[in-house]
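Residues per chain, in single letters:
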Amino acid sequence: TDQPNPRRCGREFQSMLEGYEEEEEEAITEERGQTGLAEKKRRLNINQVKALEKNFELENKLEPERKVKLAQELGLQPRQVAVWFQNRRARWKTKQLEKDYGVLKTQYDSLRHNFDSLRRENESLLQE
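As a starting point, this report considers the structure included with it. (Residues numbered from 1 in each chain as written. Predicted model: local features only at pLDDT ≥ 70, side-chain atom pairs only at ≥ 80, totals over all residues. Heavy atoms only, no water.)

### Describing the overall build of the protein
Stage number 1. Each helix and strand in the protein was counted, giving four helices and zero strands.
Stage number 2. Seen in sequence order, the protein has helices and strands lined up from the N terminus as α-α-α-α.
Stage number 3. Classification of the 128 residues of the protein by burial places 22% in the buried group.
Stage number 4. A sequence separation of at least 24 residues applies to 59% of the contacts in the protein between residues at least 6 apart.
Stage number 5. Of the accessible surface of the protein, which amounts to about 10100 Å², a share of 52% is contributed by carbon and sulfur atoms. (Helix = DSSP H or I, 4+ residues; strand = E, 2+ residues; numbered from the N terminus. Buried < 20%, exposed > 50% of the residue type's maximum accessible area, 1.4 Å probe, protein only. Contact = heavy atoms within 4.5 Å. Areas by Shrake-Rupley, 256 points an atom, 1.4 Å probe, with all protein chains shown as cover.)

Now the structure itself:
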C-alpha cells in the first residue's frame, strides 16, 4: 500500500504555513491602511489553517454567511478569511495549471516521438 511520506508531508505543510503567513501579512497591511493603526502582525495557528483547508476542500468559494461564521469560529476577521480563500484559490489554480502542463507535455513528447519514428520509417520506405 502507498503510505504518505511523513517527512515530505511535513515539508509541504510547512510551506503551506509560510504561504499563509504571507497572506496574513497582506490582510493586516490592508487593515492598517484602513484604520491607520500599527497593529501587531497576526499569524494563523495550525488549527485555524487546518479548519480553513478542510472548508476549502468542501467548497473553494465563500458565501458571505459562511465567511462570517468561519471567522467567528476561528477567531479571525471576516476579511482575513476572505483573503485566505482568495489566495488559496490562486495557489490551487497555479498547481492545477502545473498539472495540466505536465499532462500536455507528456502527450506532446509522445506524439513527437511517434511522428519522428513515422517520418524516419517513411523516408526509409521511399529510399527502397
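Let us keep going from here.
### A look at the packing of helix H3 (residues 64–74) against helix H4 (residues 78–127)
Stage number 1. Across the interface, H3 lies against H4 with an axial gap of 8 Å and an inter-helix angle of 110°. By the criterion of interaxial angle, the relationship of H3 to H4 is roughly perpendicular. Like other packed secondary-structure pairs, H3 and H4 cross with a definite hand, here right-handed. Between H3 and H4, the contacting residues are Arg-66, Lys-67, Leu-70 and Ala-71 on the first element and Pro-78, Val-81, Ala-82 and Phe-85 on the second.
Stage number 2. Residue classes in the contact of H3 with H4 are distributed as six nonpolar, no polar and two charged. (Axes fitted to C-alpha atoms, helices over the stretch in contact; angles between N-to-C directions. Parallel < 35°, antiparallel > 145°, perpendicular 65-115°, else oblique. Left-handed = near helix turned anticlockwise from the far one by under 90°. Nonpolar A, V, L, I, M, F, W, Y, C, P; charged D, E, K, R; others polar.)

### So, the pattern of salt bridges
Stage number 1. As enumerated under the stated definition, the model contains five salt bridges in all.
Stage number 2. Measuring nitrogen to oxygen at the nearest pair gives 3.4 Å for the salt bridge that ties Glu-73 to Lys-69. Separated by four residues within a single helix, Glu-73 and Lys-69 lie in helix H3, roughly one turn from each other. In this pair, the class of Glu-73 matches that of Lys-69, namely exposed.
Stage number 3. Across the pair Arg-119 and Asp-116 runs a salt bridge, and its minimum N-O distance is 2.9 Å. Placement of the pair is Arg-119 and Asp-116 together in helix H4, with a separation of three residues, close to one helical turn. (Salt bridge = Lys/Arg side-chain N within 4 Å of Asp/Glu carboxyl O.)

So yeah, pure geometry; function would need other evidence.
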